[in-house]
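Overview (structure and organization)
The primary structure of each chain is shown beneath.
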Amino acid sequence: GGPHMNKIAGIAVALEEASKPEFKKYSQQIVKNAKVLGEFLGFPTENHMIIMDLTNKNIEGWHAHITLEAVNIYGNKQTIPNDPHPPYYPSGFRLGTPAITTRGMKEKEMEVIAGFINEGIKIAQELICADRKEFKQRVFKSLKVKSLKQKVINFSKKWQVE
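Quick summary incoming for the structure in this document. As the structure is a prediction and not an experimental result, all values here were calculated from the model.

This part takes up the pattern of salt bridges. One pass over the structure, following the stated rule, counts four salt bridges. The salt bridge involving K151 is made with E119; its shortest N-O contact spans 3.0 Å. Here K151 is found in helix α7 (residues 143-157), whereas its partner E119 is found in helix α5 (residues 107-127), with 32 residues between them in sequence. Judged by relative accessible area, K151 falls into the partly exposed class, the value being 37%. For E134, the salt bridge identified is with R138, shortest N-O distance 2.6 Å. In this pair, E134 and R138 both sit in helix α6 (residues 132-141), four residues apart, roughly one turn of the helix. On the basis of relative accessibility, which here comes to 33%, the residue E134 falls in the partly exposed class. Exposure remark for R138: the relative accessible area of 31% places this residue in the partly exposed category.

Laid out in structure tokens, this is it:
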């Protein structure tokens, strides 16, 4: 059908917000945070997201996805250029910085977050297996995962948005 007024209203509100100087400052901070986080992770970027190529870590993107999500760090599996794996099991992992920027985090917090991510990747390497169900079981039983999750929760408490 025709025009849906709820969609038109949503677009109008978004455009009004995007026209404000605060939004420009916020979006610039998103990119700054991504650049710093990417540098600390070893995957430089020029925009708001980091794509990690995990081929040299000998894990796939889904290993990172499952492990990092278990510790409350969210991203998603992602194909990379010339990916040796099929799209359903890609070699990359994608992260963005809008949510943490919305919470008020700046460049100095990116080093802490990069440490959490690197620790999660190391845990995934230790728990690796080809079977997804078994890997998930290993992740959710892991004391290292539970410990890292608690670190992430403790760090995040300072940055809660109400």
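Back to the write-up after that little detour.
When strand β1 (residues 49-53) meets strand β3 (residues 92-96), the two strands line up antiparallel, connected through five bridges. When the bridges of β3 are listed, D53 appears paired with G92. Relative to β3, strand β2 (residues 76-78) runs antiparallel, the two sharing three bridges. If you follow K77 over to β3, its bridge partner there is F93.

Summary: where empty space remains is shown by rolling a probe the size of a single water molecule over the atoms. Quantified by volume, the largest pocket comes out at close to 440 Å³. Forming the walls of the largest pocket are 19 residues, and the residues nearest its centre are N72, I73, Y74, I100 and S156. Examining the composition of the lining of the largest pocket, we find that five residues originate from one element, α7, more than from any other. Of the residues assigned to the lining of the largest pocket, the class counts are 13 nonpolar, four polar and two charged.

The three strands are arranged β1-β3-β2 in an open sheet whose pairing can be described as antiparallel. The outermost strands of the open sheet, each flanked by one partner alone, are β1 and β2. Neighbour to neighbour, the strand axes of the sheet diverge by 35 degrees on average, direction disregarded.

Where helix α3 (residues 61-70) meets α5, the closest approach of the two axes is 9 Å, and the angle between their N-to-C directions is 120 degrees. As judged from the angle between their axes, α3 and α5 are oblique. Handedness of the crossing formed by α3 with α5: right-handed. The residues of α5 that touch α3, namely those facing H63, A64, T67 and L68, are F116, I117, G120, I121, I123 and A124. Its residues placed into classes, the contact of α3 with α5 shows seven nonpolar, three polar and no charged.

Glancing now at the packing of aromatic side chains. Here a ring pair, both rings aromatic, is described through the centre-centre distance and the interplanar angle of the planes. By the definition in use, this model includes five aromatic pairs. Note on W62 and F135: the rings are 5.6 Å apart at their centroids and 80 degrees apart in plane angle, and the pair reads as edge-to-face. Here F135 lies in helix α6 and W62 lies in helix α3, a separation of 73 residues in the sequence. Taken as a pair, W62 and F135 share a single burial class, namely buried. Residues Y88 and Y89 carry aromatic rings whose centres are separated by 4.9 Å and whose planes lie at 85 degrees to one another, so their mutual orientation is edge-to-face.

Cut-offs applied
- Residues numbered from 1 in each chain as written.
- Predicted model: local features only at pLDDT ≥ 70, side-chain atom pairs only at ≥ 80, totals over all residues.
- Heavy atoms only, no water.
- Salt bridge = Lys/Arg side-chain N within 4 Å of Asp/Glu carboxyl O.
- Helix = DSSP H or I, 4+ residues; strand = E, 2+ residues; numbered from the N terminus.
- Buried < 20%, exposed > 50% of the residue type's maximum accessible area, 1.4 Å probe, protein only.
- Pairing = 2+ DSSP bridges.
- 1 Å grid on protein atoms, 1.4 Å probe; cavity = no way out; pocket = protein on both sides within 12 Å on 5 of 7 lines; lining within 4 Å.
- Points joined across faces, edges and corners; volume = space filled by probe spheres on them.
- Nonpolar A, V, L, I, M, F, W, Y, C, P; charged D, E, K, R; others polar.
- Axes fitted to C-alpha atoms, helices over the stretch in contact; angles between N-to-C directions.
- Parallel < 35°, antiparallel > 145°, perpendicular 65-115°, else oblique.
- Left-handed = near helix turned anticlockwise from the far one by under 90°.
- Contact = heavy atoms within 4.5 Å.
- Phe/Tyr/Trp six-rings, centres within 6.5 Å; stacked < 30°, edge-to-face > 60°.

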